[in-house]
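What the coordinates show
Chain by chain, the residues run as shown.
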Amino acid sequence: MTQTTQSSKTFNPIFFVALGIVFWLEALLCIRWGGASLFVNDNPWLVLWFIASIPIAWCLVTASAFVSKVSGSDLLTAVVIMALTASSLDGVALTWFQGWYGLTPAELLLAAAWLLWGVGLSLGIGYWASRQ
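These numbers were taken from a predicted model, which means no experiment stands behind them.

This part is about helix α2 (residues 44–68). The terminal C-alpha atoms of α2, which comprises 25 residues, lie 37 Å apart, in line with the 36 Å expected from a rise of 1.5 Å per residue. Where α2 bends most, at I54, the angle is about 25°, and the proline P55 comes one to four residues later. All buried positions along α2 are accounted for by L46, W49, F50, S53, A57, V61, S64, A65 and S68. Against α1 (13–38), α3 (72–96) and α4 (105–130) lie the buried residues of α2. A distance of 2.9 Å separates the backbone nitrogen of W45 from a side-chain oxygen at the start of α2, and that oxygen is part of N43.

What follows is the structure, encoded as structure tokens:
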């Protein structure tokens, strides 16, 4: 007789939507508070900010996996949900609520590039971490 056991944990996509909202809000506040001095053309610190985003994205993916106790393909699914949520909020905010960022259009373009970079990094790190 074969016994089937159900997993004691359930995958809750709403939790990852909430994390995506939190991470997006953190990025928005980062841009709002430091963006006017950071997201400026020819700013030498900008490249360092993009590089510093790599370990930040890794920490966020790792923390999400730890808090939610997901791994493997569930981790990748979780990261996709968070990235989808954050990038959708970015799209809406950058289109209709640009004032939230407190930047000029030229600065906003660089901030939007950083936001896209962060989402891409998170997806790449989520993919890599799900294969471990």
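Anyway, onward from the coordinates.
Once that is clear, we can look at the packing of aromatic side chains. Overall, the coordinates contain seven aromatic pairs when judged by the stated rule. Taking the centre distance of 6.3 Å and the plane angle of 55° together, the rings of W24 and W100 count as tilted. Here the residue W24 occupies a position in helix α1, and W100 occupies one in the loop between α3 and α4, the gap between them amounting to 76 residues. The exposure class of W24 is buried, given its relative accessible area of 9%. On the accessibility criterion, W100 (42% relative accessible area) is partly exposed.

For the rest of this paragraph, the subject is the confidence of the model for the protein chain. For the protein chain, per-residue confidence averages 91 on the pLDDT scale, and residues scoring 70 or more make up 93% of the total. Taken element by element, the protein chain is modelled with least confidence in α1, mean pLDDT 94, and with most confidence in α3, mean pLDDT 96. For the stretch residues 1–8, pLDDT sits under 50, and the model shows zero contacts to residues farther than four places along the chain or on other chains.

On to a nonpolar patch on the surface. Where nonpolar side chains cluster on the molecular surface, the patch consists of W45, V47, L48, I51, I54 and W117 and spans about 610 Å² of accessible area. The dominant element in the nonpolar patch, judged by the number of residues it contributes, is α2, at five residues. Locating I51 in the fold gives a position in helix α2.

Cut-offs used in this document
Residues numbered from 1 in each chain as written. Predicted model: local features only at pLDDT ≥ 70, side-chain atom pairs only at ≥ 80, totals over all residues. Heavy atoms only, no water. Helix = DSSP H or I, 4+ residues; strand = E, 2+ residues; numbered from the N terminus. Expected span 1.5 Å × (residues − 1). Bend = angle between axes of the 7 residues up to and from the residue. Buried < 20%, exposed > 50% of the residue type's maximum accessible area, 1.4 Å probe, protein only. Contact = heavy atoms within 4.5 Å. Polar contact = N/O pair within 3.5 Å; in protein donor to acceptor, adjacent residues only side chain to side chain. Phe/Tyr/Trp six-rings, centres within 6.5 Å; stacked < 30°, edge-to-face > 60°. pLDDT = per-residue confidence, 0-100. Patch = residues over 30% accessible without salt bridge, like charges linked within 9 Å, V, L, I, M, F, W, Y side chains within 5 Å. Areas by Shrake-Rupley, 256 points an atom, 1.4 Å probe, with all protein chains shown as cover. Salt bridge = Lys/Arg side-chain N within 4 Å of Asp/Glu carboxyl O.

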